[in-house]
Amino acid sequence: MLDQWNEKAERDVGWFGEEPDERGMAPCNIREADEEVIRMVARNHDYKNRLYRDREYAKASRWGNIIAPPMFMPCAGAGCPHFPMMNKDVGVYVGQHFGEEYDYYKPIYAGDTLRIYQGRAIMKDETPEGGSDIRILASYDRKYYFNQNGEQVGVFEHILKHLYSEPGTEFGKVMRYGFEGDMALSSSFRNVRWTEPFRYTREQMDAINRFYLNEPRRGRNTLYWEDVNVGDVLPSTVLGPITFWDAVGAVGTHWESVNTLNEFRRNHMGGLFIDPVTGVPHQGAEIHLSMDVPKLIHWYSSTIVEQTIISACCRLVGNWMSDDGFISHVGWRKFTNTQYGDTLFARGRVIRKYIDEDGSCKVLVDTALENVRGYLTNMCPITVKLPSREAQ
C-alpha cells in the first residue's frame, strides 16, 4: 500500500499544468490573478474587506493595489490530497482531513501571474507506542506558489490522517473500501447517530444578523505593534447558519475544475462509492455538498469545506489588524465536522508578541471556532506582521 502511495507521490512532483495530465494531477485553476478573479474569491471569503475588491480604496493603502485574500492560494490550485488506495483483502483505512498550514511571504496582487509547484508528499507513521489494531499514518503534502517575477509568495501544506488496519481486526470490520467501489459497514458503525439540524428561533436569527452587521472593522485606522498586548481579546465574528448556498460558493472558488461524474467515473471508479438503494456511484467529496451522501457512508453529519471555515478566522483577524497588517502564517486543525445549518462564532486572543529574525514585528493570535451547539470545532493560530512606530 505504501509503495503504491510513494510511487504516486514521486510521480506527482512538478509544475501544475493547465489541464489534468497523465499523472492525474489537477490543473492550475487560476493562472492570472486579475481584479475580477480576486473579487470572485473574496465574495466567498471576506467581501467586507475593501482591499480585496475596491481599486481606489486599495490604491490609497500601503499596498497600492487590490490584494488577494489569504485563501486565494488553495483556490488558485490546491491539487488533490494523496489518499492511499488498497484492496479490501489487504487492509482498510479511513482518511480524514486533519489540518492545513499556510505560509505567506508577500501579497498576491491584482495582475500577478501564478505558477504552482507540487512538492514531494511524505508519509509518517504516527502510531503511538504500545501496540494497537489501528496504525495511524499522517501524510504531508506541500504546494509552492510563485509570481511572474519568480518570487515565492507562499506555501500550502495539506495534512491528512489515515487510520489503517488489517481486514480481520475489529476496526477492519467497521469499514471496507475496495477498488471496485463497493461499500460494507458493520452494524456497530451503522448505529452512529446522525446529527440533527439545529433549530433556530426568529429571535436567534435576528441576533445573528445583528452580530454580523455590527462586526467592528479597523480598516485604515492603523494598528501598531507597540499598541498590542499579550492577552488582548479580538472582537468576535460570526459565520452562518451555513447552508448549501455556502457550498455553491465553496465549489466555485475552492476546488479544482469540476468535471461531470461521467468523466470522473472514466478514470476514478475506484474512488467512488455506490448507493446501495439507487445504484448511483458518488464521489467522496460530495459529503461537503449534501445531507444525503454523508448518510450513505454512515457519517454523523455533513461538513462544509475547510477553506470556508479558515476564512472565518482570517476575517476575525483581518477586522482587527487594520489594512496595514499582513497575515504571514495560518495553521488549521479540525476537531469535528461543521454541519449544514450550524453557526460558527470566531474568537481570538493574542498569545505572543515578538520580533522575528528578519526584524519583522509579529503577533500570534490564537483563534478558534465554537458552533451554536457550544462545541469547539476548529482551532486556527494566525501570525500577523504589524507596522511599528519605531520604523516610521
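Our structure's up above, just so we're on the same page.
Residues numbered from 1 in each chain as written. Predicted model: local features only at pLDDT ≥ 70, side-chain atom pairs only at ≥ 80, totals over all residues. Heavy atoms only, no water.

A. Examining the overall build of the protein more closely. Helix and strand counts for the protein come out as 11 helices and 18 strands. Counting all 392 residues of the protein, 49% fall into the buried class. For the protein, the proportion of contacts with a sequence separation of at least 24, taken over those separated by at least 6, is 72%. Summed over all atoms, the accessible surface of the protein reaches about 18600 Å², with 51% contributed by carbon and sulfur. (Helix = DSSP H or I, 4+ residues; strand = E, 2+ residues; numbered from the N terminus. Buried < 20%, exposed > 50% of the residue type's maximum accessible area, 1.4 Å probe, protein only. Contact = heavy atoms within 4.5 Å. Areas by Shrake-Rupley, 256 points an atom, 1.4 Å probe, with all protein chains shown as cover.)

B. Here's a closer look at the pairing of strand β16 (residues 361-371). β16 sits mainly inside the fold: 9 of its 11 residues count as buried. The pairing of strand β15 (residues 344-355) with β16 spans 11 bridges and is antiparallel. Considered in β16, the bridge of Ile355 is made with Cys361. Counting the residues between successive antiparallel strands, the hairpin from β15 to β16 contains 5 residues, one of them, Gly359, with a positive phi of roughly 90°. Here β16 pairs with strand β18 (residues 382-385) via 4 bridges, running antiparallel. Within β18, the position partnered with Lys362 by the bridge is Lys385. Relative to strand β17 (residues 376-379), β16 is paired through 3 bridges, and the arrangement is antiparallel. Note that in β17 the partner of Leu369 across the bridge is Asn378. (Pairing = 2+ DSSP bridges.)

C. Quick peek at the nonpolar core. Grouped together as the largest cluster of nonpolar side chains are 65 residues, with contacts concentrated most on Phe72, Val317, Trp320, Ile327, Val330 and Ile382. When residues of this core are assigned to their parent elements, the largest contribution, 9 residues, is made by helix α11 (residues 306-321). Non-local contacts of Ile327, meaning those with residues more than four positions away in its chain, are made with Pro70, Tyr104, Cys314, Val317, Met321, Ile382, Thr383 and Val384. (Core = buried A, V, L, I, M, F, W, Y, C linked by side-chain atoms within 4.5 Å.)

D. Seen up close, unusual backbone geometry. Here the bond from Gly240 into Pro241 is cis, since omega is 0°, no more than 30 degrees from zero. Here the phi dihedral of Ser322 falls at roughly 75°; this positive angle occurs in a residue that is not glycine. Mapped onto the fold, Ser322 is located in the loop between α11 and β14 (326-334).

E. Inspection of the pairing of β18 at higher detail. Where β14 and β18 come together, 4 bridges link them in antiparallel fashion. When the sheet's bridge partners are listed, Val330 is paired in β18 with Ile382.

F. Examining the pattern of salt bridges more closely. One pass over the structure, following the stated rule, counts 19 salt bridges. Among the salt bridges present, the one from Arg39 reaches Glu35, with a minimum N-O distance of 3.0 Å. With Arg39 and Glu35 both in helix α2 (residues 35-43) and 4 residues apart, the pair spans about one turn of that helix. Through salt bridges with shared partners, a single network forms among Glu35, Glu36, Arg39 and Arg55. (Salt bridge = Lys/Arg side-chain N within 4 Å of Asp/Glu carboxyl O.)

G. Structural context of the packing of aromatic side chains. For the structure on display, the rule yields 8 aromatic pairs. Through pairs of rings, three or more aromatic residues link up here, namely Trp15, Tyr117 and Phe146. The ring of Tyr212 carries the charged tip of Lys48 above its face, separated from the ring centre by 3.8 Å. Across the ring face of Trp63, the terminal group of Arg62 is positioned such that the distance to the ring centre comes to 4.2 Å. (Phe/Tyr/Trp six-rings, centres within 6.5 Å; stacked < 30°, edge-to-face > 60°. Lys NZ or Arg CZ within 6 Å of the ring centre and 35° of its normal.)

H. View of the side chain of His282. Within the secondary structure layout, His282 lies in strand β13 (residues 281-283). Only 3.0 Å separates the side chain of His282 from the side chain of Glu286, close enough to count as a polar contact. Those residues in contact with His282, other than ones at most four positions away along the chain, are Leu261, Leu272, Phe273, Asp275, Val293 and Leu296. (Polar contact = N/O pair within 3.5 Å; in protein donor to acceptor, adjacent residues only side chain to side chain.)

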